[in-house]
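Descriptive analysis of the structure
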Amino acid sequence: MSENTIPYKIYLSENEIPDKWYNLRADMKNKPAPLLNPATCKPMTADELGVVFCDELVAQELDDTTPYIEIPQEIRDFYKMYRPSPLIRAYCLEKALGTPAKIYYKFEGNNTSGSHKLNSAIAQAYYAKKQGLKGVTTETGAGQWGTALSMACAYFGLDCKVFMVKVSYEQKPFRREVMRTYGANVTPSPSTTTAVGRKILEAHPGTTGSLGCAISEAVEVATSNPGYRYVLGSVLNQVLLHQSVIGMESKTALDKYGVKPDVIIGCAGGGSNLGGLIAPFMGEKLRGEKDYQFIAVEPASCPSFTRGRFAYDFCDTGMICPLAKMYTLGSGFIPSANHAGGLRFHGMSSTLSQLYHDGLMEARAVEQTAVFAAAEQFARVEGILPAPESSHAIRVAIDEALRCKETGEEKTILFGLTGTGYFDMTAYEKFNDGVMTDYIPTDEDLEAGFKGLPVVPGQDQ
Ligand SMILES: *Cc1c(COP(=O)(O)O)cnc(C)c1O
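From a predicted model like this one, the values you see are computed outputs, not experimental measurements.

This part takes up the overall build of the protein. Helix and strand counts for the protein stand at 18 helices and 15 strands. For a compact globule of 461 residues, the expected C-alpha radius of gyration is about 23 Å, and the protein comes in at 21 Å, within 12% of that figure. In terms of principal-axis extent, the alpha carbons of the protein reach across some 60 × 50 × 50 Å. A total of 461 residues make up the protein; the buried ones form 62% of that total.

Structure representation (structure tokens):
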């Protein structure tokens, strides 16, 4: 198909929303390591996980073999409100860069939560409702996950308790108000409302919080209140499964025009959008059908893939969650307070960690001033004001396109534009005022985090 027949936006029709999620693990030779019970260091059973998570989500979490899982009609109906999301050919950016590369991005910011998180929030709320639960608890950092979950809970009439990292709670009052508008109860974390919160506050008075702390508090509340379960917006296998709609829609849209991406790029916080975007493409690579280059992009200030250890670790600061084997900086690692770009979680999805460990995916760490420079360049030519998180992917997409300009290669680049940045204007303000700085943790900083890794028999760390 000739170049100019490809529209600026490739929209799919409603009936092209996938009716099944793709479970990448089914095609992995080396499966992601199982979650372990921290007390026994044995794999978590479905019964043990069922205390914390909804039953159906536990089943999805443990299912390493079923390649396709039916998306219930109620979830597909909700997806129809904001999906399919557009796949956009970045003609204007290509022109501005003067690159022979072709750049596409999948835009997930076209909903009130402003990010891809709604794809999993609605699924998790649906299964909680189906189980007859009263409500769910969760943590939120920058606030996108909390917002998405609030929307999903409002839709199904579930109670929603959100622990929001204190620094974000204070810096993003509007984000908090959106959640309350959808009926959620929002508590700054660490708080005095939980035992683990009080313990953390005692040990670190004045702490501005972290995702790890907020997770501990949310899990405590879920497990100590009948009719509640805890839900998580990233990292877990089930979340990557739900996010596979991003990659499946992208693939359907590109296949329609006979376009095969050479490089697929996504930002990586806990790994859910990246895992979802690459899923069907990685499936082809794993099955030996096609080859792609995959690049995970993370902040230099929170470099789990590029400088972390591949080890069993806690997902939370309070050390009450199961252990996950992942690239991690240690559950005690808290990124520098001047880091404004999101993607602050200390660990990474076990599935992506395994793929990275097996050399099937690359990773790059980028500094935040370079990320915001890319964000502004992108906003000015493509129109969309990107989330700082998404802008990590933009940075590397631009770098790759500029490399093509030097070499003359006409590569096709696909990246995930996970969301919009309207609630991140404090960070943009810092950048515009020229006062944003880059902080890269020293090896000693990281060693301190690694010292807190749990000792797991049979695992050399
Ligand atoms: C949460 C979030 C991310 C990072 O989370 P992943 O689980 O790694 O995808 C990226 N972009 C936006 C806009 C987000 O809200």
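Alright, that's what it looks like, and here's the rest.
Below, the discussion takes up the site of the ligand. Within the structure, the ligand sits among 18 residues, and Lys117, Ser234, Ser272, Asn273 and Thr418 are positioned closest to it. Here the ligand has 380 Å² of accessible area as a free molecule, and 94% of this is covered by the chains. Those elements that provide at least two residues to the shell around the ligand are helix H12 (272-286) and helix H16 (388-407).

Another aspect to go through is the state of the cysteines. Evaluated as defined, the whole model comprises zero disulfides. Free of any disulfide, Cys54 has its nearest neighbouring cysteine sulfur in Cys153, separated by 9.8 Å. Cysteine Cys153 shares no disulfide, and the gap to the nearest cysteine sulfur, in Cys160, comes to 4.0 Å.

On to the sheet that holds strand S4 (residues 87-89). The sheet built from seven strands is open, its strands ordered S1-S4-S5-S15-S10-S11-S14 with mixed pairing. Looking at which strands have only one partner, the edges of the open sheet turn out to be strand S1 (9-10) and strand S14 (362-366). In terms of strand pairing, strand S10 (residues 263-267) meets strand S15 (residues 412-417) through three bridges, oriented parallel. Counted as the bridge partner of Ile265 is Phe415 from S15. With respect to the sheet, H12 is in contact with S10, strand S11 (293-299) and S15, its orientation differing from that of S10 by roughly 155°. H16 rests against strand S5 (102-107), S10, S11, S14 and S15 of the sheet, and its axis sits at about 170° to S15.

Before going further, it helps to examine the side chain of Gln238. Locating Gln238 in the fold gives a position in helix H11 (residues 237-256). Taking the relative accessible area as the measure of exposure, Gln238 reaches 0% and is therefore buried. Not counting the four nearest positions on each side in its chain, Gln238 is found in contact with Leu57, Gln60, Glu61 and Gln124.

Here we come to unusual backbone geometry. A cis amide bond links Arg83 to the next residue, Pro84, at an omega of -5°. You can see Pro84 is positioned in the loop between helix H3 (73-82) and S4. Residue Pro190 follows Ser189 across a cis peptide bond; omega there is 5°. Within the secondary structure layout, Pro190 lies in the loop between strand S8 (185-189) and helix H9 (195-203). For Cys41, which is not glycine, the phi dihedral falls at a positive 60°. Relative to the helices and strands, Cys41 resides in the loop between strand S2 (20-22) and helix H1 (46-50).

Our next topic: the packing of aromatic side chains. Going through the model one piece at a time under the given rule, you end up with 19 aromatic pairs. With a centroid separation of 4.6 Å and an interplanar angle of 50°, the aromatic rings of Phe305 and Tyr356 are classed as tilted. Here the residue Phe305 occupies a position in helix H13 (residues 304-307), and Tyr356 occupies one in helix H14 (residues 350-357), the gap between them amounting to 51 residues. Ring centres of Phe310 and Tyr327 lie 4.8 Å apart, and the angle between their planes is 15°; this geometry places the pair in the stacked category. Note that Phe310 is positioned in strand S12 (residues 309-314) and Tyr327 in strand S13 (residues 323-328), a separation of 17 residues in sequence. Neither Phe310 nor Tyr327 differs from the other in exposure class; each is buried. Above the plane of the ring of Phe450 lies Arg309, whose end atom (NZ or CZ) is 4.1 Å from the centre.

Strand order in the open sheet formed by four strands is S8-S7-S6-S9, and the pairing between neighbours is parallel. The two strands at the open ends of the sheet, each matched to only one other strand, are S8 and strand S9 (228-230). Taken over all neighbouring pairs, the strand axes of this sheet differ in orientation by 20° on average, direction set aside. Looking at chain direction, strand S7 (residues 159-165) and S8 are connected through five bridges and run parallel. Of the residues in S8, the one forming a bridge with Lys161 is Asn185. Against the sheet, helix H6 (residues 144-156) engages strand S6 (135-140) and S7, with an angle of about 165° to S6. Here helix H8 (residues 173-181) sits on the sheet and contacts S6, S7 and S8; the angle it forms with S7, its principal contact strand, is near 170°.

Turning our eyes to something else, we now look at the nonpolar core. By size, the foremost hydrophobic cluster in this structure holds 38 residues, and its most contacted members are Trp21, Ile75, Tyr79 and Leu149. The set of elements that each furnish at least two residues to this core consists of H3, helix H5 (118-130), H6, S7 and H11. Sorting elements by how many residues they give to this core places H5 first, with eight residues. If you look at the next biggest cluster of nonpolar residues, it comprises 34 residues, including Leu240, Ile278, Phe294 and Ala363.

Next up on the list: the packing of H5 against H6. The description of two packed helices rests on the angle between their axes and on the distance between the axes. The interhelical angle for the contact between H5 and H6, taken along N-to-C directions, is 40°, at an axis separation of 8 Å. In terms of axis orientation, H5 runs oblique to H6. Taken as a pair, H5 and H6 cross one another with a handedness that is right-handed. Counting all contacts with H5, which are made through Leu118, Ser120, Ala121, Ile122, Gln124, Ala125, Tyr126 and Lys129, the residues of H6 involved are Trp145, Ala148, Leu149, Met151, Ala152, Cys153, Tyr155 and Phe156.

Reading guide: rules and limits
- Residues numbered from 1 in each chain as written.
- Predicted model: local features only at pLDDT ≥ 70, side-chain atom pairs only at ≥ 80, totals over all residues.
- Heavy atoms only, no water.
- Helix = DSSP H or I, 4+ residues; strand = E, 2+ residues; numbered from the N terminus.
- Rg over C-alpha atoms; globule rule 2.2 N^0.38 Å.
- Buried < 20%, exposed > 50% of the residue type's maximum accessible area, 1.4 Å probe, protein only.
- Near = heavy atom within 4 Å.
- Areas by Shrake-Rupley, 256 points an atom, 1.4 Å probe, with all protein chains shown as cover.
- Disulfide = S-S within 2.5 Å.
- Pairing = 2+ DSSP bridges.
- Contact = heavy atoms within 4.5 Å.
- Axes fitted to C-alpha atoms, helices over the stretch in contact; angles between N-to-C directions.
- Phe/Tyr/Trp six-rings, centres within 6.5 Å; stacked < 30°, edge-to-face > 60°.
- Lys NZ or Arg CZ within 6 Å of the ring centre and 35° of its normal.
- Core = buried A, V, L, I, M, F, W, Y, C linked by side-chain atoms within 4.5 Å.
- Parallel < 35°, antiparallel > 145°, perpendicular 65-115°, else oblique.
- Left-handed = near helix turned anticlockwise from the far one by under 90°.

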